[in-house]
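# Chain and residue survey
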Amino acid sequence: MSTSRSRWLRPIIFLATWVAAGTPASVWPAPAAGGPADTVFTNGKIYTVDPRIPLAEAVAIRDGRFVAVGSSKDVERLAGERTRVIDLAGAFAMPGFVDAHIHPAQPYLNQEGGALLFPESFTKERIAEAVAAYLKANPNVPYVLAEKWGVGLFPDGRPGKEWVDSLVSDRPAVFRDETRHGAVVNTAMLKYAGITRDTPQIKYGLIEKHPRTGEPTGYLADNGQQAVFSKIPMYPDEVWERALRRAMRRLTAWGVTAYNDMSANAPQFRVYRRMEREGTLNFHVSGSIPMNDWAKDRVVDPEPLLAMAAEYRSALFDPVGRKWWGDGTPLSKTSLLVATYPGGGHGAMSVDRSDFDRMMEEAMRGGLVRVHAIGDGTVRTILDVLEQVRRSSPESTSQPHHIAHCTFLRDEDIPRFRRLNVVAEFSPVIFYRSVPTTMLEEAAGAGSMKYFGNIKRAIDGGAPVAIGSDWPTGAVDANPLRMLQVLVTRKDPYDKSTAKPLGDPIGLEDAIRVMTLGGAYSMRKEKELGSIEKGKAADMIVLDRNLLEIDRSSIVDTKVVYTVFAGKIVYDSRTPN
C-alpha cells in the first residue's frame, strides 16, 4: 500500500488549525459515557466525509454506532478488556456506499426462477450458443425468458421476431435488452400473448408494427412489454428471497451498506422482514412502491402495498418511497425532450394528469415521490409538479423528493433542485463513450447530448445529488468503485486509452460525498448514515488502496477488504464466502 505524506499534509494542517480554535482534535466530539467500546479500528487513514474532521486515524464503536472519531492515541483509551481492537496498519477507510437507485432482486430473479441470463457483452453467436445449451438443459420449459442482449447488436437497437425465431421456434420466447426498456419476442410469443396487427397501440409504450403490412415486428418497448409479461406468472417468495440474498452478498462485497430499492413489492417486503428478524439484513433499505409499473415485477395496483407500508416499516426497512416511471428511453422516443428528436417530435412521457395528482396526494401524506426521468423535458415537467407540491404544502419542503437518472438535464433547471429540495439522482454507469451512448446521441440529437450526464453543473449549482447504479437495468454490476472512477474521469473504466471524456468529470471528494452522504439524504437518513461521525450508524468500508493517493484511472482496481455494518464486519475479503 502506497503512502504519500504530501497528500495527507493539507487535511492534517486543517485539523490542527481547527484545534487551535479551541476544539479538542483527538476525539471529536467527546465520546459519550456508556462504558468501553465494543470495537476499535485504529492506525488507519479514515476519510470521514465530515467537513469538520475530514480525516481521522481511529474510530470506536459501541452498540452499532460510532462513539468516537479521532486520533489513535485518544480513541484507543475507549478500549476495555473485551474490546476488539483492529489495527488497520495505515489502510484507507471511508463510509459505506449508499446506492440511491437499485432493483436488488432483479439481477438474479429470472435466473433463480429458471430463466436464461447472459451478459450484454455477448455477441449474437454466443447468445445462440447460450440459448441452445439452455434448451438442451431445460427441454420442458413452457416458455423462454432471457436477458440481457446488448442494444448495439442491432440497428437502432431493435431486432425483430425473426431473430428470436431463429433461436427458439417451438415455444413462446421473450428476450429483454440490457436497458430492460426493450424486449423482442418470437412468433410463438406473439400468438400466445394475442398480439396481432389489430392490437391497439399501448399507452406509454410501443408495440412496433411494420410500416407497410401493419404486422407486429416482435419488438416491444416500455409499457408495450406488459402485453407479454402480464401473461407470465409471478415467482413465489422463495425465488425472490434467493435472488435478493444472492445480490446482497455481492453488494456487501462491493462495500454497499444502504440502498433505495426502487421497485419493492410484497415478496420483497416479506423477505426484508424475515431477514431483519433473523439478523441477516446487513443494509439500511428505503423501499419504493411502484405506482405505475408496467412489467418490471408485475405490480400493477399499488394500493395493497401502500396498505402494507406502515406494518412493515422497521429499523432497517422503510417503504417510504412512491415510484413512478415518468418516461422510457430516447431509443424508442418514449422520453420527452425539450428539443426535437432528429426525426421530428419531442417524444412522450409515461405519466399524465392523473399521475401528477397522485404524486401531489402521496407527497402530502409524507411519502417520498421518486420519478424515473431520462429526458430533459420529463425532468422539467416533474419539477413543475413538485413545485406545485411545495406551493400547496410549504411544510413538505423537508421531504427530499427524488428525480431518478436525470440523464438529460438542462442548465436552467438546475437551480430548481436546490430551491425545491429535490434530489437529482444520476446513473453514471453509461457516462462515457460507448456503443450505447453513441446510439443515444443518434436518437436524441447532438443538441440534447450537450446536457447528457450534467452532474458537475448540478453539484456546482448546489443541487442535492445522489448516485444510483440502477442495477441490473443498463448496468453490468453495481460496483460503486467502478461508478466512482467514471464520475472522476468520464471515461470507460476498463479502457485505458486516452479517449476524450464524455462530459465534465467531478472531483474525487465530491464523488465520494454524493455516493455516501448524498445517497443517505435521498433516504431521509443523512443524520444516521453517509459519514463517519459520532452517533451515526457504524457503517464503514476498508479498502486495499488509498483513494486519495492513487491514480484516478485505477480506482476500479481497488478491492474492499472489510465491510462493516452496524459495527460488525459483515464482509472480510480474506474469508471465503
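The structure presented is a predicted model; accordingly, all values stated were derived computationally and were not measured.

What follows deals with the overall build of the protein. Within the protein, the regular secondary structure consists of 19 helices and 24 strands. On C-alpha atoms alone, the protein measures out to a radius of gyration of 24 Å, which is about the 25 Å that the 2.2 N^0.38 rule sets for 577 residues. Across the protein, the fraction of contacts at a sequence separation of at least 24, relative to all contacts at a separation of at least 6, is 72%. For the protein, the accessible area works out to roughly 22,300 Å², and carbon and sulfur atoms hold 52% of it. Positive and negative side-chain charges of the protein, numbering 72 and 69 respectively, have mean locations separated by a distance of 1 Å.

A few words on unusual backbone geometry. Following E147, the chain continues into K148 via a peptide bond in cis, with omega recorded as 10°. The linkage connecting W471 with the following residue, P472, adopts the cis geometry, with an omega of 5°. Examined against the element boundaries, P472 turns out to sit in the loop between β21 (465-467) and α17 (480-489). Positive phi values are uncommon outside glycine, yet N43 reaches one of about 60°. Within the secondary structure layout, N43 lies in the loop between β1 (37-42) and β2 (45-47). Taking relative accessible area as the criterion, N43 reaches 33% and is therefore assigned partly exposed.

This part covers the environment of V85. As for its placement among the helices and strands, V85 is situated in strand β6 (residues 79-87). Given the relative accessible area of 46%, V85 is considered partly exposed. Residues V85 and A60, 25 residues apart in the sequence, show an inter-C-alpha distance of 9.1 Å. When sequence neighbours within four positions are dropped, the list of residues in contact with V85 reads V40, T42 and A79.

To continue, consider the packing of aromatic side chains. Under the counting rule described, the total for this entry stands at 15 aromatic pairs. Taking the centre distance of 6.0 Å and the plane angle of 80° together, the rings of W149 and W163 count as edge-to-face. Here W149, found in strand β10 (residues 144-149), pairs with W163, found in helix α5 (residues 161-167); they are 14 residues apart in sequence, far enough to count as distant. One aromatic cluster in this structure is built from F118, F122, W149, F154, W163 and F175. Taking the ring centre of F229 as reference, the NZ or CZ of R176 above it sits at 4.4 Å. Taking the ring centre of Y312 as reference, the NZ or CZ of R273 above it sits at 3.9 Å.

A separate point is the pattern of salt bridges. Throughout the structure, instances matching the rule amount to 39 salt bridges. Between E387 and R416 there is a salt bridge, with the nearest N and O atoms lying 2.9 Å from each other. Within this pair, whereas E387 is found in helix α12 (residues 376-392), its partner R416 is found in helix α13 (residues 414-420), the two being separated by 29 residues in sequence. According to the relative accessible area criterion, E387 is buried, its value standing at 14%. E533 is the partner of K536 in a salt bridge, and the nearest nitrogen-oxygen pair spans 3.4 Å. Residue K536 shares its accessibility class with E533, and that shared class is buried. Sharing partners across several salt bridges, the network here consists of R380, D384, E387, R391, E412, D413, R416 and R419.

A word on the packing of helix α11 (residues 353-364) against α12. In the contact formed by α11 and α12, the axes pass within 10 Å of each other and the chain directions differ by 40°. In this view, α11 runs oblique relative to α12, as classed from their interaxial angle. α11 and α12 meet at a crossing whose hand is right-handed. Residues R353, F356, M359, M360, A363 and M364 of α11 lie in contact with α12, whose contacting residues are T381, I382, V385, Q388, V389 and S392.

Turning to the side chain of H402, a few remarks are in order. Its location among the elements puts H402 in strand β19 (residues 401-405). When neighbours within four sequence positions are excluded, H402 is seen to be in contact with A100, N260, M262, V369, R370, V371, V422, V423, E425 and S522.

A separate point is helix α4 (residues 124-137). Along an α-helix, a turn takes 3.6 residues, which lines up residues three or four apart on a common side. With 14 residues, α4 should cover 20 Å at 1.5 Å per step; its first-to-last C-alpha distance of 20 Å lies within 8% of that length. Buried within α4 are the following residues: I127, A130, V131, Y134 and L135. In a view along the axis of α4, the buried residues occupy a sector of 130°, so they form one face of it. Among the exposed residues of α4, those oriented more than 90 degrees off its buried face are E125, E129, K136 and A137. In this structure, the buried residues of α4 make contact with β9 (116-117), β10, α5 and β11 (173-177).

With 12 residues, α11 should cover 16 Å at 1.5 Å per step; its first-to-last C-alpha distance of 17 Å lies within 8% of that length. Turning to α11, its buried residues number three or more, namely D355, F356, R358, M359, M360, E362 and A363. Residues of α11 that are buried in the fold lie against α10 (303-312), β17 (317-325), β18 (368-373), α12 and β19.

Now for the pairing of strand β15 (residues 256-261). Within β15, six of the six residues are buried, which leaves it mostly tucked inside the rest of the structure. One ladder, built from four bridges, connects strand β8 (residues 97-102) with β15; its direction is parallel. Its bridge partner lying in β15, D99 is registered against Y259. Here β15 runs beside strand β16 (residues 284-290); their pairing, made up of four bridges, is parallel. Looking across to β16, one finds that N260 is bridged to S286.

Scoring rules and cut-offs
- Residues numbered from 1 in each chain as written.
- Predicted model: local features only at pLDDT ≥ 70, side-chain atom pairs only at ≥ 80, totals over all residues.
- Heavy atoms only, no water.
- Helix = DSSP H or I, 4+ residues; strand = E, 2+ residues; numbered from the N terminus.
- Rg over C-alpha atoms; globule rule 2.2 N^0.38 Å.
- Contact = heavy atoms within 4.5 Å.
- Areas by Shrake-Rupley, 256 points an atom, 1.4 Å probe, with all protein chains shown as cover.
- Lys, Arg positive; Asp, Glu negative; His and termini not counted.
- Charge placed at Lys NZ, Arg CZ, Asp CG, Glu CD.
- Buried < 20%, exposed > 50% of the residue type's maximum accessible area, 1.4 Å probe, protein only.
- Phe/Tyr/Trp six-rings, centres within 6.5 Å; stacked < 30°, edge-to-face > 60°.
- Lys NZ or Arg CZ within 6 Å of the ring centre and 35° of its normal.
- Salt bridge = Lys/Arg side-chain N within 4 Å of Asp/Glu carboxyl O.
- Axes fitted to C-alpha atoms, helices over the stretch in contact; angles between N-to-C directions.
- Parallel < 35°, antiparallel > 145°, perpendicular 65-115°, else oblique.
- Left-handed = near helix turned anticlockwise from the far one by under 90°.
- Expected span 1.5 Å × (residues − 1).
- Arc of directions from axis to C-beta.
- Pairing = 2+ DSSP bridges.

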